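# Overview (structure and organization)
The lines below spell out each chain.
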Amino acid sequence: MASARYVYAILARETPLPAGLRGFNGAVVSTVPYRALAAATSPLQNEVLRPTAENLWLHEAIVEALRPQGPALPVRFRTVLADATAVADALAERYDVLVADLDRLGDKVEFGLNVLWDPPITPGEDLAPGSGAAVKAQGLGARYLHARLATNRREAAMRERARALARELDRQLSVHALEHRCTLLPTPRLVVRTAYLLEPGRVPAFQDAFAQLDRAHPALRVLLSGPWPPYTFVTPPEGDERSPSSRQQHDASPHQPPDRSNGGASSTSDHVVNTREQLS
Amino acid sequence: MNANPDTVEHDLAKLVLALIELIRRLLEKQALRRVEAGSLDEDQIERLGETLLKLEQKMDELKTTFGLQDEDLDLNLGPLGDLMGEE
């Protein structure tokens, strides 16, 4: 009985695999070809792969071992298809998109930028119309509405500051990137999360620009991770796109690579994709 | 919504509450605009605020009853963004 196939990456068909490459449970990584493409896969029996740091890093290690061999499109963690035929069918279904993505992204790298701040409060943001005795004189309903109004004003001010900061960061870093995708205020403490797509040759200049940025903003905690395979920029299957607001100014990341910036603990557990019948 | 017989009640509750939350937020937004514009008198502000407060409290109770969090009620409104996204 054919076993399920765990998919790591999409390659050009002629790309050789590194000798002795082994995936989950020590299974040999091999390719499933379709026309000019091939999927790097390994067999999976009845295992349920949990999004542990160990599993995420193994997936990442396989993808990174493949990339020196030739252009490779990373596939999301825990993409498992029924068998080799299903893998070939999935390649066929999205063939043109995958070929285009492999050409566009196969040799590119991604950097992730996270910027943390202490949410600012400026004079006038914490407004409530009236104070002390005037507020106490209001009924419950009026106090509720005025409090909501004050909260909205505070949040709007914070968003505007975050937007201005993100624009400034973008100005300095995006000149070195082919594309970037930004999410504004994914949490109150996280001002912006941006993924940058780079040519490998631009990495040193990008890292220098980042270092300057870091020095110029001592009040911020600016975390840069990478280079990664370009997970964020792979075209997702139709119906699997994130909502526009999760993209904010640009398209959002459908996949967050393992977070190396905190010493190896994975941050992808919230972004794991369950078993699907399509490849991305 | 996945039509799973084991979860259909929960999924339906999620959908219904998400729609109610959408309406609640729209009403609140409109109310706040009118408060800011000064087009409501004190009595109107009080009545509107009390109604919205009670609605919010009832929503919290229902979310607790069905074991739902705010993010569970997030709806993708297409070009309008997420229900729980930036306003």
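Residues numbered from 1 in each chain as written. Chains lettered and ligands numbered in written order. Predicted model: local features only at pLDDT ≥ 70, side-chain atom pairs only at ≥ 80, totals over all residues. Heavy atoms only, no water.

## Observations regarding the overall build of chain B
When its secondary structure is counted, chain B shows two helices and zero strands. Long-range pairs, those at least 24 residues apart, make up 57% of the contacts in chain B between residues at least 6 apart in sequence. Of the roughly 5800 Å² of accessible surface on chain B, 53% is carried by carbon and sulfur atoms. (Helix = DSSP H or I, 4+ residues; strand = E, 2+ residues; numbered from the N terminus. Contact = heavy atoms within 4.5 Å. Areas by Shrake-Rupley, 256 points an atom, 1.4 Å probe, with all protein chains shown as cover.)

## Considerations on the packing of aromatic side chains
All names here are of chain A. All chains considered together, the criterion is met by nine aromatic pairs over all chains. Judged by centre distance (4.7 Å) and plane angle (50 degrees), the ring pair of Tyr 6 and Tyr 8 falls under tilted. Residue classification places Tyr 6 among the buried residues on the basis of a relative accessible area of 0%. Positioned above the aromatic ring of Tyr 95 is the side chain of Arg 35, whose terminal nitrogen or guanidinium carbon lies 4.0 Å from the ring centre. (Phe/Tyr/Trp six-rings, centres within 6.5 Å; stacked < 30°, edge-to-face > 60°. Buried < 20%, exposed > 50% of the residue type's maximum accessible area, 1.4 Å probe, protein only. Lys NZ or Arg CZ within 6 Å of the ring centre and 35° of its normal.)

## Some words on the sheet that holds strand S8 (residues 190-198) of chain A
All names here are of chain A. In space, the four strands of this open sheet follow the order S7-S8-S6-S9, with antiparallel pairing throughout. Here the strands that pair on one side only, and so sit at the sheet edges, are strand S7 (179-187) and strand S9 (221-228). Each strand of the sheet is rotated relative to its neighbour by a mean of 15 degrees, with strand direction disregarded. Sheet analysis places strand S6 (residues 109-116) next to S9, joined by six bridges and oriented antiparallel. (Pairing = 2+ DSSP bridges. Axes fitted to C-alpha atoms, helices over the stretch in contact; angles between N-to-C directions.)

## Some words on the side chain of Thr 41 of chain A
Residue and element names in this part refer to chain A. In this fold, Thr 41 is placed in strand S3 (residues 37-44). Only 2.9 Å separates the side chain of Thr 41 from the side chain of Arg 5, close enough to count as a polar contact. Residues in contact with Thr 41, not counting those within four places in the same chain, are Arg 5, Tyr 6, Val 7, Tyr 8, Val 28, Val 29, Ser 30, Val 32 and Val 87. (Polar contact = N/O pair within 3.5 Å; in protein donor to acceptor, adjacent residues only side chain to side chain.)

## Regarding the pairing of strand S2 (residues 30-34) of chain A
Successive residues of a regular strand alternate their side chains across the two faces of the sheet. All names here are of chain A. Sheet analysis places S2 next to S3, joined by five bridges and oriented antiparallel. When the sheet's bridge partners are listed, Ser 30 is paired in S3 with Thr 41. From the end of S2 to the start of S3, which pair antiparallel, there are two residues, and Arg 35 there has a positive phi angle of about 50 degrees.

## As for the nonpolar core
Residue and element names in this part refer to chain A. If you look at the biggest cluster of nonpolar residues, it comprises 27 residues, and the most contacted ones within it are Leu 113, Val 115, Trp 117, Leu 173 and Leu 198. Elements with a contribution of two residues or more to this core: S6, helix H5 (140-173), S7, S8, helix H6 (203-216) and S9. The greatest single-element share of this core, amounting to six residues, is contributed by H5. Excluding its chain neighbours within four sequence positions, the residues that come into contact with Leu 173 are Leu 113, Tyr 196, Phe 206, Ala 209, Phe 210 and Leu 213. Counting residues in each nonpolar core, the second largest holds 22 residues, with Leu 73, Val 87, Leu 98 and Leu 102 among its members. (Core = buried A, V, L, I, M, F, W, Y, C linked by side-chain atoms within 4.5 Å.)

## Focus on unusual backbone geometry
All names here are of chain A. Of note, the amide linkage connecting Gly 226 to Pro 227 takes the cis form, showing an omega dihedral of 5 degrees. Considering the arrangement of structural elements, one finds Pro 227 in strand S9. A positive phi angle, near 55 degrees, is found at Asn 25, a position not held by glycine. Considering the arrangement of structural elements, one finds Asn 25 in the loop between strand S1 (4-12) and S2. A relative accessible area of 58% means that Asn 25 is categorised as exposed. One non-glycine residue, Leu 185, lies in positive phi territory at about 45 degrees. As for its position among the elements, Leu 185 is in strand S7.

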